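Close look at the chain arrangement
Read off the chains here:
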Amino acid sequence: MSEVSTGPVSVDMVDGVARVSMFHPPVNALGLPLRRALVDALAGIAHNRQATAVLLTGQANAFSAGADITEFNAAAGSPDLRELVALVEDFPLPVIAAITGVALGGGLELAMAATARLADPEARLGLPEITLGLLPGAGGTGRLPRLVGPERALDMILSGKPISAAQARRDGLVDAVFSDPASKDGVRWAAHFALKGDRTRTRDRQHKIAGAHAVRGTVAALAAVPLRKAKDPSAAQAAIDAITAGIEVSFDAGARVEREKFEERRQSPESAAQRYLFAAERAARKPKNLNPGTATRVARAGVVGAGTMGGGIAMALAAAGIPVTLVEAEQSALDRGLARIEQNLATSVAHGSRTEADASSERALIESSLDYGALASADLVIEAAFEDLPVKKDIFADLDRHVREDAVLASNTSYLNIDALAAGTAHPERVLGLHFFSPANVMPLVEVVRGSHTNAEALATGFELVRRIGKTPVVVGVCHGFVGNRMLEVRSGQAERLLLEGALPGQVDQVLTDFGFRMGPFAMGDMAGLDIGWRNRKAQGRTAPVSDALCEAGRFGQKTGTGYYAYEGRDRRDDAAVAKLIEGVSAKLGIVRRPISEQEILERLTLPMINEGARILAEGIADLPGDIDVIWVKGYNWPAYRGGPMWYADQMGLALVAARLRHYALLTGDASLAPSALLEQLADDGATFDGYGR
Ligand code: 3HC
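All values derive from a computational prediction rather than experimental measurement. One numbering rule holds for all chains: residues counted from 1, following each sequence as written. Predicted model: local features are reported for residues with pLDDT of at least 70 only, side-chain atom pairs are reported and counted for 80 or more only, and whole-chain, interface and lining totals are derived from all residues. Excluded from the side-chain calculations are hydrogens and water; all other atoms, namely the structure's heavy atoms, are used.

**What to know about the domain arrangement of the protein chain**
Domains are outlined according to an automatic or database domain assignment. Entries for the protein chain in the domain assignment read domain 1 (3-266), domain 2 (298-476), domain 3 (503-588) and domain 4 (598-685). Taking only C-alpha atoms, the centre of domain 2 and the centre of domain 3 are 31 Å apart.

**Looking at the sheet that holds strand 6 (residues 102-104)**
Within a beta sheet, neighbouring strands are joined by backbone hydrogen bonds and run either parallel or antiparallel to one another. In this description, strands pair whenever DSSP reports at least two bridges between them. The secondary structure listing takes helices from DSSP runs of H or I that are at least 4 residues long and strands from runs of E that are at least 2 residues long, numbered from the N terminus. Within the open sheet, the three strands sit side by side as 6-8-9. Their pairing is mixed. Two strands lie at the open edges of the sheet, namely strand 6 and strand 9 (163-164), each paired on one side alone. Alignment of strand 6 against strand 8 (residues 124-126), held across three bridges, turns out to be parallel. Paired with Leu104 across the bridge in strand 8 is Gly126.

**Some details on the side chain of Asp171**
With respect to the element layout, Asp171 can be found in helix 6 (residues 165-171). Looking at Asp171, the relative accessible area reads 12%, which means it is buried. For this analysis, a polar contact is any N or O atom pair within 3.5 Å, provided that within protein one partner can donate a hydrogen and the other can accept it, and provided that sequence-adjacent residues contribute only side-chain to side-chain pairs. At 2.8 Å, the side chain of Asp171 forms a polar contact with the side chain of Arg152. Type-normalised accessible area, obtained with a 1.4 Å probe on protein chains alone, sets the label of each residue: buried when under 20%, exposed when over 50%, and partly exposed for intermediate values.

**Describing the nonpolar core**
By size, the foremost hydrophobic cluster in this structure holds 90 residues, and its most contacted members are Leu399, Val483, Ile628, Trp632 and Phe689. Among the elements that line this core, the one with the most residues is helix 24 (residues 598-618), at nine residues. Residue contacts follow a heavy-atom distance rule, with two residues in contact if any of their heavy atoms lie within 4.5 Å. Once residues lying within four places of it in the same chain are set aside, the contact partners of Ile628 are Val483, Met487, Gly613, Ile616, Leu617, Ala622, Pro645 and Met646. One finds Ile45, Ile157, Ala165 and Ile247 within the second-largest nonpolar core, a separate group that totals 66 residues. Only buried residues count toward a nonpolar core. Its members are Ala, Val, Leu, Ile, Met, Phe, Trp, Tyr and Cys residues joined through side-chain atoms within 4.5 Å.

**Focus on the pairing of strand 5 (residues 95-99)**
In terms of burial, strand 5 is a largely internal element, five of the five residues being buried. The two faces of strand 5 match: Val95, Ala97 and Ile99 on one face and Ile96 and Ala98 on the other face are all buried. In this structure, strand 4 (residues 53-58) lies alongside strand 5, joined through four bridges in parallel fashion. The residue of strand 5 that forms the bridge with Leu55 is Ile96. Note that strand 5 and strand 7 (residues 116-119) share four bridges and pair parallel. Bridge pairing in strand 7 places Ala98 opposite Leu118.

**As for the site of the ligand**
Residues are classed as near a molecule or strand on a simple rule: at least one heavy atom within 4 Å of it. Inspection of the region around the ligand gives 24 residues, with Gly106, Glu109, Glu129, Arg282 and Lys286 positioned closest. Contacts to the ligand include Ala65, whose backbone N or O atom sits 2.8 Å from a nitrogen atom. Measuring from an oxygen atom of the ligand, one finds a side-chain N or O atom of Lys286 at 2.6 Å. For accessible areas, the Shrake-Rupley method is used with a probe of radius 1.4 Å. Any residue's cover is judged against the shown protein chains and nothing else. Considered on its own, the ligand offers 980 Å² of accessible surface; in the complex 71% of this is hidden by protein. Residue assignment for the shell around the ligand shows that the elements contributing at least two residues are helix 3 (106-113) and helix 11 (269-284). When residues are grouped by polarity, Ala, Val, Leu, Ile, Met, Phe, Trp, Tyr, Cys and Pro land in nonpolar, Asp, Glu, Lys and Arg in charged, and all others, Gly among them, in polar. Considering only residue class, the shell around the ligand consists of 14 nonpolar, four polar and six charged.

**With respect to the packing of helix 21 (residues 531-540) against helix 22 (residues 545-552)**
Interaxial angles span 0 to 180 degrees and are taken between N-to-C directions of axes, which are lines fitted to C-alpha atoms, for helices over the stretch in contact. The geometry of helix 21 relative to helix 22 is characterised by a closest axis approach of 10 Å and an angle of 110° between their N-to-C directions. The pairing of helix 21 with helix 22 is recorded here as roughly perpendicular in orientation. As helix 21 packs across helix 22, the resulting crossing turns out to be left-handed. On helix 22, the residues that touch Asp531, Trp534 and Arg537 of helix 21 are Ser547, Asp548, Cys551 and Glu552. Tallied by class, residues from the contact of helix 21 with helix 22 come to two nonpolar, one polar and four charged. The scheme is simple: roughly parallel for angles under 35 degrees, roughly antiparallel for over 145, roughly perpendicular for 65 to 115, oblique for anything else. Left-handed is the label given to a crossing in which the near helix is rotated counterclockwise from the far helix by less than a right angle, and right-handed is the label when the rotation is clockwise.

**Focus on the environment of Ser360**
Here Ser360 is to be found in helix 14 (residues 356-365). On the basis of relative accessible area, Ser360 is assigned to the partly exposed category, the value being 32%.

Next comes the structure, spelled out in structure tokens:
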């Protein structure tokens, strides 16, 4: 049979094996056109008497990244993915899936319905549906436990993290691993399998899930742990229900639960929020006026400052294989910084997140010096010194003299004016901000700050470097605190006001943890230490009456055992002394305390942030509302299933957001709470943030 092409699918016969190739760039998402073409191709093969087996492959750098996410806003057209999967599993000939690139979500579900699976050594296999607020919806909750056992299946489905081909082979998810299984070797393997292979359907395999009672214990124990930590608890629970029914009752019973829960989740606001974020993250990767082609590939980087941030940034660079020179002013500070890096590497080896070999190669990539001259060969240098404008200005002026003329200079400042730093250099066009979040070796977000003189090459170089180290870059403009911290400051101001007006720290924090944040502002303040902010405020002549009073009483947070709470180790409890102190401060300021409802707390903490977000958009500091949402989800743990502040506002309705802000402006007499011009305008037009700026 010569090659037959049905749109995104082509079929060729090689030595009696019908090779079915999916080609639907960029990632072979299994949308309706691809599903139809696969069904047609399989129908053709079913009538071909010469075919002994099918080798199902994916071109376009992927076997398949799963269901087409953009189709989820409506019910799937026919054939749906479940029908396709059933067709493959019940096909009269053995179907061998040859996985190159990724097999994710519905892509892996399709492969699991095949009779056997081959994988390229570089392949990645996973069920990431949970990251979209979903559970696997095409039999994955039933078939994965039958191939890898309930423990591994739960781990993969609840974490959403893909595994390597080698791991998949160890777990029994794939039958063989070799290079390019879609080629002749795969064909030979399939032909041999047709003669000798075990054709038991995946759904009928029992040995990994035998002993249902023993399994029930495992499922219950495992389920209890991740659910508490799950990013989307409802999706996690739905997946657990389907897996459990599939093991304890039957494959078909599990499939019924899976189908019902999948539909429920697909139509849920939580999943809509996470699908929106998926698109927003991808849009943030393509900021306007940024041409990746103008980027310099950073062969060596420099970091100035070996404190917690500088050390974390050096680790993040080294982890991506980039040689880095860490420069400090004094030997003792450098020694402390290097010891901290060493400690971090040792801990991650002990926890199994790095091998000893990885740790040694990362260690070898970090050089250190007390001399700026050591940065002469760096393509990009990140300053991560003390957060003080004169200090940073001096460093930039020094760097300007020591680094190559074409090197990029970045500051890790979280608040300060990049243009002011650039002004003291001979080449302000090569200066930008790279605002990492703490701990920099862990947190996934970097705000890439475009100064008013930053040129296209410098911006693209910084942006591409952040992508290369596996973090999410979001381009923002210059203002105090950029996007994230500027909005955080607004929230902190309101949190402090709520204490003065009648709330207590435990009550405020509880509202935010109920909303889905991992921590409220006061628990977070205690963890970070209250004294730094106190000193900064004093230096700038600002006050925060409650926080100042706590610091004056020596309550600096966890490190002193008392702050907004009292601590025993890390366990915190409400402290009557704090309630008294706050009441005293309110009285001193002449504020009559009143009971404050949970609704007011939530609205006063979130709506002013949204208002500030609208100002940020109007000023052009962020290009898109989605950029703001990505920053808040990735940098500040805004719960992904609530989409980010701007998405949240859209769901609430902007007219209501504006009305509530007007109400609080009147109630508190704080004019800054009144809706911003952009918010008013969108609310009046009946518009949403989503869509703004496109
Ligand atoms: N559906 C539709 N479009 C998809 C897609 C999918 N499943 N996966 C990726 N794309 C699109 C992206 O939106 C992007 O589009 P753009 O070029 O217009 O911005 C393009 O493909 C390339 O994607 P990335 O920019 O993310 O490319 P990377 O190389 O960085 O990553 C990837 C590739 C690892 C495949 C990553 O895209 C990914 O993780 N995709 C999502 C996988 C996923 O969640 N699958 C499960 C879907 S739900 C499901 O299958 C339900 C089922 O159980 C019924």
